[in-house]
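Each chain, letter by letter, is given below.
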Amino acid sequence: MDYQFRDIEQRWQKFWADNQTFKVENNSEKPKYYVLDMFPYPSGAGLHVGHPLGYIASDIFSRYKRLKGFNVLHPMGYDSFGLPAEQYAIQTGQHPAITTEANINRYREQLDNLGFSFDWSREVRTSDPSYYKWTQWIFMMLFNSWYNLESDKAESIEVLVKKFESNGSEGIKAVSDDDVAVFTADEWKNKSDAEKQNELLKYRLTYLRESTVNWCPALGTVLANDEVKDGYSERGGHPVEQKKMMQWSMRITAYADRMLQGLDSIDWPEPLKEMQRNWIGKSVGALVKFSLTPTPSPKERGEPGGEQPGYMTADPAIWDILKEHSRQHRKDSTQAEDILWQHLRNSKTGYKIRRQHAIGTYIADFICLKKGLIIEVDGGYHTEIKDQDELRSEALNNLGFEVIRFSNEQVVSDPTGVSGKIKEKLNTLPDRILGDSDSLSLGEGRGEAYIEVFTTRVDTIYGTTFLVLAPEHELVEGLTTPDRKEEIQNYIDQTRKKSELDRMADTKTVSGAFTGSYAKHPISGEPVPVWIADYVLAGYGTGAVMAVPSGDQRDWLFATKFGLPIVAISDAQVNLDQEADPTKEGKYINSGIVNGLTYKEATGVLIAKLEELGAGKAKVNYRLRDAIFGRQRYWGEPVPVYFKDGLPYLISIEDLPLLLPEVDKYLPTESGEPPLGRAENWKYKGELEYELSTMPGWAGSSWYWYRYMASPEDRKQDVFAPADAIAYWKDVDLYIGGSEHATGHLLYSRFWNKFLKDLGYVVEEEPFKKLINQGMIQGRSNFVYRIIDESGRGTNKFVSHGLKSQYTTSAIHVDVNIVYNEILDLEKFKAFRPEFAEAEFILEGGKYICGVEVEKMSKSKFNVVNPDDLIERYGADTLRMYEMFLGPLEQSKPWNTNGIEGVFKFLRKFWKLFHDDEFNFRVSDEEPSKAEYKALHKIIRKVEEDIERFSFNTSVSSFMICVNELTDLKCNKKQILEQLVQVLAPYAPHITEELWTLLGNPAGSLSASSYPKFNPEYLVENEFSYPVSVNGKTRMNLSISLTLTQPEVEEIVLANEDLRKYLEGKSPKKIIFVKGKIINVVI
RNA sequence: GCUCGGAUGGUGGAACUGGUAGACACGCAGGACUUAAAAUCCUGUUCGCCCUAAAGCGAGUGCGGGUUCGAUUCCCGCUCCGAGUACCA
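Parameters at a glance
Every chain begins its residue count from 1, and numbering advances along the sequence as written. Think of it this way: whatever chain is written first is A, whatever ligand is written first is 1, and the rest follow in order. Predicted model: local features are reported for residues with pLDDT of at least 70 only, side-chain atom pairs are reported and counted for 80 or more only, and whole-chain, interface and lining totals are derived from all residues. Here the side-chain values reflect all heavy atoms present in the structure, with hydrogen atoms and water set aside. Secondary structure counts use DSSP, requiring at least four H or I residues in a row for a helix and at least two E residues in a row for a strand, with both numbered from the N terminus. Relative accessibility decides the category of a residue: with a 1.4 Å probe and only protein chains considered, values under 20% of the type maximum give buried, values over 50% give exposed, and everything between is partly exposed. Contacts are assigned to residue pairs that have any heavy atoms within 4.5 Å of one another. Values of accessible area rely on a 1.4 Å probe in the Shrake-Rupley scheme; residue burial ignores everything except the protein chains shown. Think of it this way: Lys and Arg go in the positive column, Asp and Glu in the negative one, and His and the chain ends go nowhere. Note on charges: their place is set at NZ of Lys, CZ of Arg, CG of Asp or CD of Glu. Paired strands, in this sense, are two strands between which DSSP finds at least two bridges. To get an axis, a line is fitted to the C-alpha atoms, and for a helix only the part in contact is used. The angle between two axes follows their N-to-C directions and goes from 0 to 180 degrees. With respect to orientation, any angle under 35 degrees is reported as roughly parallel, any angle over 145 as roughly antiparallel, any angle of 65 to 115 as roughly perpendicular, and every other angle as oblique. Rotating anticlockwise by less than a right angle from the far helix to the near helix defines a left-handed crossing, while the corresponding clockwise rotation defines a right-handed one. Put simply, Ala, Val, Leu, Ile, Met, Phe, Trp, Tyr, Cys and Pro go in the nonpolar bin, Asp, Glu, Lys and Arg in the charged bin, and everything else, Gly too, in the polar bin. A pair of aromatic rings is counted whenever rings of Phe, Tyr or Trp (Trp by its six-membered ring) have centres within 6.5 Å, and the orientation is called stacked for planes under 30 degrees apart, edge-to-face for over 60 and tilted otherwise. By definition, being over a ring means that NZ of Lys or CZ of Arg is both within 6 Å of the ring centre and within 35 degrees of the ring normal. Any residue with a heavy atom positioned within 4 Å of a molecule or strand is treated as near that molecule or strand. Two N or O atoms count as a polar contact when they lie within 3.5 Å, although within protein this holds only if one can serve as hydrogen donor and the other as acceptor, and sequence-adjacent residues are included solely when both atoms are side-chain atoms. We call a set of buried Ala, Val, Leu, Ile, Met, Phe, Trp, Tyr and Cys residues a nonpolar core when their side-chain atoms join them within 4.5 Å. Any carboxyl oxygen of Asp or Glu that lies within 4 Å of a side-chain nitrogen of Lys or Arg is treated as forming a salt bridge with it. Patch construction takes residues with relative accessible area above 30% that form no salt bridge. Like charges are linked within 9 Å, and nonpolar side chains (Val, Leu, Ile, Met, Phe, Trp, Tyr) are linked within 5 Å.

Participant: In this structure, what is going on with the overall build of chain A? I would like to understand it.
Facilitator: Looking only at helices and strands, chain A has 34 helices and 40 strands in total. Over its C-alpha atoms, taken along the principal directions, chain A stretches across nearly 115 × 85 × 80 Å. Out of the 1083 residues in chain A, the part that is buried amounts to 53%. In chain A, the proportion of contacts linking residues at least 24 apart, taken out of those at least 6 apart, comes to 72%. Accessible area for chain A stands at about 48600 Å²; split by element, carbon and sulfur atoms hold 49% of it. Measuring between centres, the 130 positive side-chain charges of chain A sit 3 Å from its 159 negative side-chain charges.

Laid out in structure tokens, this is it:
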């Protein structure tokens, strides 16, 4: 019988499944090898021909490694939480679990059809409670940890608590929020439980904090930075806006430096490492403070008017006294004030609140300048002015402020209630007019007012001729002088109107506005004007820059446009009237204490000076932000947290997994809560509110490779993966997947891996030793050309591609599955759509040739090629080999089925080697000839080399060469063919299993056999046909023994008749002889 | 703008540390078998020149230069294409 691939493939796929041929054990004498594919999200569309590319490569590699004597872990699973199933649920009401299950079954069927050697007993699904139990468990571990910079690793939060108990906050070096409190051990012990929890939250590796987030209204959820592309959501392409919200975040920034360093130790594609480096965005520089006090008054600045600067609400006459008082008050704050402050700070009410702020001749306890509301707490420290309360209120009312009062007892007993009342009041009050007797923040009790900037070029500090703040910067309101109010407000409005996209696109227009205020240069003491401009980003560094127009092109453009001075700071700078010169060469000029120094010297001197002045320090800045972890969606892992008195607490570990509750609809509640808010009676211990957000898509995929290490038996144990299994498998040796996960999955996975290592649960610092990005398979669309008549309407006539220029036509996508080698199947086309049933054609050469274009593979373009169809026609072995034959694995390429016939022919030819002309199986036991051995050992070596360097396409060519040679030799020797079967087995597992048993081996024993041993003796030649070139141009071939030395070879060459023609009577200057390679005669 | 890739026949691609450029396959052309088609097999196929063929000659790996006996490969400069990223101070 001819090659019956359908029968063979189905039979062997069933055999592998029934016999669990590829089930792997965790204990083995063999060395381990872990081959991992990025597990798929099971979408409704099923697999197209591009998806299996990486899986085929990893399967070939796994099968090869098994033959090479390794214990290979090669698992597969599903990343089964995600948006599409939920969107479908919203539209149809069908539970996402049902959709997901159906999709997984479809995926499994398609994967099985390709004959992969996965160990399915270890399958994982991220949406399975037995799996997400451990995702939730890791979340809890993160919540219970902080990052100790001294040991440079994550540690239990208990360790931090012990430190607080013994030494207070002193000497703690941690990655934390910016606003951590300073306290002694006693103060810590005296704190209430709520206060302690609130403080610890600033250290935990997963934490709840008000953050600016990417909010996608269409999806109704927040998104992480890597899920937003150019201001639109990656999934669905909906607009994304910035919004402040209370959100769960992961302190990934704690690992920024370790993630950067780790990149040097792993074998990943360079572009991908580069993307991670950019994403982490480390820049080494300095923070510099430009102080705002004393600020030159209008008079001092030589400007008209004696009006007080707009940012001061205090009576200037007694400002100095008030300043001292307010500082003192902040230090000696009462317990009630502290408690209330914790509820008001960080805009928890939705508005910015300041404490102990001077107004007129008074100091208010708390004030919201935007709404003009003053909150006073009576009793305690400032009882001495209690009698004057009414008078005070009246005076403040006159200044345009409203006052509400609470008693100490009220605040202490029910701080949440009090803050609720404040919130209510704030919501009812109208906004005060911006800048109107508004005041400058004094840094919430942290000292003098200043503008802090981040710079990577401290050395240029003397060239600073102005400061620029982002329009959103919190000091802008306070800094604006009354005369500039309108201009600044206009500018802010104008920037706000510009969308994020416009702002990015329009980088050429220089715009900005002057606040009217000046800051003091920290070293020279010169006044420096403060501007705002949208080229400064609020989100990076401190949202403020020192502008050095001589060294930075953006600053130069700004200075030029607004007529600000440009001061050269280096004798090497040139053409400063044309553009900025950021050179680090030369010696400094106009630069005070660093005049005459070089770049390196100046940087050191200046940082030392700034530190001495308390005006700055060296600082490493990262672009990487903490990862927002909550999603306001249904189909994800519930966060194992409940709330008590407004503070988050972990549920008990025994209560894991916290199951996803049922809901009536998959939409937000009427009050805007996430879908989980709809769940009925879903309360911790029956009464406490659960967190209603779910985890993001990347949670489940950030540790899944460890779950595969747990065998089905292991999974009965109460652990994410047993320690001995982790000790054995360690890490992933080879990871294959797409580069689109560069800054998402691959970054988060490294983060969680490092965290788990810090806690001692895993053994390797990096999870994926070697990574390969398979190229994207693009679609290849075919077109037919419909002729358009004079009135511009489509006719029923279609013209072949080569003749279309003679007509007016419109191109129409046509299903690529009815086009072969660009020739349209006319009958199938007529059946393609009813409107084409009566189509007429203008042919060329009797054929209708279609047009071609490379586009993304998608249903709407009719260019999706389904692997099932190809397997039906050619078989899985052919498809596997053809996908490899297309080109280098890492290269992106359009799918083109045109060459598949060649691979199919190859497999039939291979089958023929084992059969006679009547297709009877017939092999001979005769001793093979030298030529036959040579053909075999060439392929043994070649495939080994190719697989080791992941060059699968070249192996396929070599197989063809080998089979062509053996066919020519009419070889049917068992000794040759049996080994050839083993060499081909990783690529074409079905046909080789079949032939392996026909050769008399036990069924299924092929993958347990071993790769044939290469014997170089069969390749030894004693002669070589040397290309002989004259002056580098090849002229002839000469067969010469390989044993000869150069003088002997030269003699033979020079004696040659044909060569003399080229010598033209001259004698050669030199003869180059490379043994086994070439002879070159130089005249 | 910056960073990283890439450019080889009609097409996909090969040539691994500099050593016969175009392996292998597709497509195309011609032929065999066949009533015919499909399938299969055989021959040719980088381009140009010489009427044709053989033989031969010349050019040739995006462009321009360089190093070398010899460059698709190494170096310098440029063009184009792709990917990532972006007022990151």
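Back to the write-up after that little detour.
Participant: What am I meant to see in the environment of Phe798 here?
Facilitator: Among the secondary structure elements, Phe798 is positioned in strand β30 (residues 794-799). The spacing of Phe798 and Asn1037 is 239 residues in sequence and 55 Å in space, taken between C-alpha atoms.

Participant: Help me understand the sheet that holds strand β6 (residues 206-216), please; the structure alone is not making it clear to me.
Facilitator: Sheets are built from strands that pair by backbone hydrogen bonding, the pairs being arranged parallel or antiparallel. Pairing is antiparallel across the open sheet formed by four strands, whose spatial order is β7-β6-β10-β22. If you trace the sheet from one side to the other, it starts and ends with β7 (221-223) and β22 (627-628), each paired once. Of the pairings in the sheet, the one linking strand β10 (residues 241-250) to β22 comprises two bridges and is antiparallel in character. Note on β22: the bridge partner recorded for Met250 is Ala627. Against the sheet, helix α5 (residues 129-143) contacts β6 and β10, and its axis sits at roughly 90° relative to β10.

Participant: Is there a simple way to explain the packing of helix α12 (residues 335-344) against helix α15 (residues 415-428) in this structure?
Facilitator: For any two helices packed against each other, one specifies the crossing angle of their axes together with the interaxial distance. At their nearest, the axes of α12 and α15 sit 10 Å apart, and the two run at 55° to each other. Considered as vectors, α12 and α15 are oriented oblique to each other. The crossing of α12 and α15 is right-handed. Every residue of α15 that contacts α12 at Ile339, Leu340, His343 and Leu344 is listed here: Pro415, Thr416, Val418, Ser419 and Ile422. Residue composition of the contact of α12 with α15, by class: six nonpolar, three polar and no charged.

Participant: For this particular structure, what's the right way to read the packing of aromatic side chains?
Facilitator: Working definition: an aromatic ring pair is given by the centre-to-centre distance plus the angle between the planes. Taken as a whole, this structure holds 80 aromatic pairs when the rule is applied. Measuring from centroid to centroid gives 5.7 Å for Phe81 and Tyr132, while their planes differ by 40°, and the two rings are tilted. Taken together, the residues span a long stretch of sequence, with Phe81 in the loop between β2 (71-73) and α3 (83-92) and Tyr132 in helix α5 at a distance of 51 residues. As far as burial versus exposure is concerned, Phe81 and Tyr132 are alike and both buried. On the numbers, 5.4 Å between centres and 35° between planes, the contact of Phe514 with Trp531 is tilted. In this pair, Phe514 is assigned in strand β18 (residues 513-520) and Trp531 in strand β19 (residues 527-532), connecting sequence segments 17 residues apart. Here the two residues Phe514 and Trp531 agree in accessibility, since each one is buried. We note Arg251 situated over the ring of Tyr207; from NZ or CZ to the ring centre the distance is 4.0 Å. Of note, Lys289 hangs over the ring of Tyr450, and the distance from its end group to the ring centre comes to 4.8 Å.

Participant: Could you clarify how one ought to interpret the packing of helix α10 (residues 270-280) against helix α24 (residues 745-758) in this entry?
Facilitator: Two elements in contact, α10 and α24, have axes separated by 11 Å at closest approach and are oriented at 75°. Between α10 and α24, the crossing angle belongs to the class labelled roughly perpendicular. The segment α10 lies against α24, with Leu272, Gln276, Trp279 and Ile280 engaging Leu746, Leu747 and Arg750. Grouping the amino acids of the contact of α10 with α24 by side-chain chemistry returns five nonpolar, one polar and one charged.

Participant: Would you mind showing me how to read the protein's contact with RNA strand B here?
Facilitator: Near RNA strand B, the surroundings consist of 53 residues, among which Thr456, Tyr540, Arg554, Leu886 and Gln891 are the closest. Expressed as a percentage, the sugar and phosphate content of the atoms of RNA strand B within 4 Å of the protein is 60%. Here Tyr535 contributes a backbone N or O atom positioned 3.0 Å from a sugar or linking oxygen of RNA strand B. Residue Lys905 places a side-chain N or O atom 3.1 Å away from a phosphate oxygen belonging to RNA strand B. The biggest single contributor to the surface near RNA strand B is helix α30 (residues 952-968), with six residues.

Participant: For this particular structure, what's the right way to read the pairing of strand β11 (residues 283-291)?
Facilitator: Looking along a regular strand, one sees side chains alternate from face to face of the sheet. Bridge count between β11 and strand β21 (residues 616-621): six bridges; the pairing is antiparallel. Residue pairing in the sheet places Ser283 in a bridge with Asn621 of β21. Summarising the sheet, β11 and strand β16 (residues 450-455) pair through six bridges and their orientation is antiparallel. The residue bridging Ser291 from the neighbouring strand is Tyr450, located in β16.

Participant: Hey, could you run me through the nonpolar core in this one?
Facilitator: In a soluble, globular protein the nonpolar side chains are often hidden away together inside. Counting 180 residues, the largest nonpolar core has Trp752, Met881, Phe910, Phe952 and Tyr987 as its most contacted members. The residues contacting Tyr987, other than those within four sequence positions of it, are Ile60, Arg880, Met881, Val943, Ile947, Phe952, Ser955, Val956 and Phe959. Formed by 48 residues, the second largest nonpolar core is a distinct cluster that contains Phe290, Ile461, Leu475 and Val536.

Participant: Explanation requested: the sheet that holds strand β4 (residues 153-156) in the structure shown.
Facilitator: Judged by pairing direction, the sheet is antiparallel, and its three strands sit side by side in the order β4-β3-β5 without closing on themselves. On the outer flanks of this sheet lie β4 and β5 (174-175), each paired with one strand and no other. Bridge count between strand β3 (residues 145-148) and β5: two bridges; the pairing is antiparallel. For Tyr147, the partnering residue across the bridge sits in β5 and is Val175.

Participant: Got a minute to help me understand the pattern of salt bridges in this structure?
Facilitator: Between side chains of opposite charge, pairing is possible as soon as their charged atoms come close. Enumeration according to the criterion identifies 49 salt bridges in this entry. Here Lys770 and Asp267 are joined by a salt bridge, their closest N and O atoms 3.2 Å apart. With Lys770 in strand β28 (residues 768-773) and Asp267 in the loop between α9 (256-262) and α10, this residue pair connects regions lying 503 residues apart in the sequence. Residue classification places Asp267 among the partly exposed positions, given a relative accessible area of 40%.

Participant: Honestly, a nonpolar patch on the surface in this entry has me stumped. Any pointers?
Facilitator: Judged by side-chain polarity, Ile1072, Val1074 and Ile1078 come together as a nonpolar surface patch covering roughly 190 Å² of accessible area. Take Ile1078: it is sitting in strand β40 (residues 1078-1082). Accessibility expressed as a relative area gives 31% for Ile1078, which makes it partly exposed.

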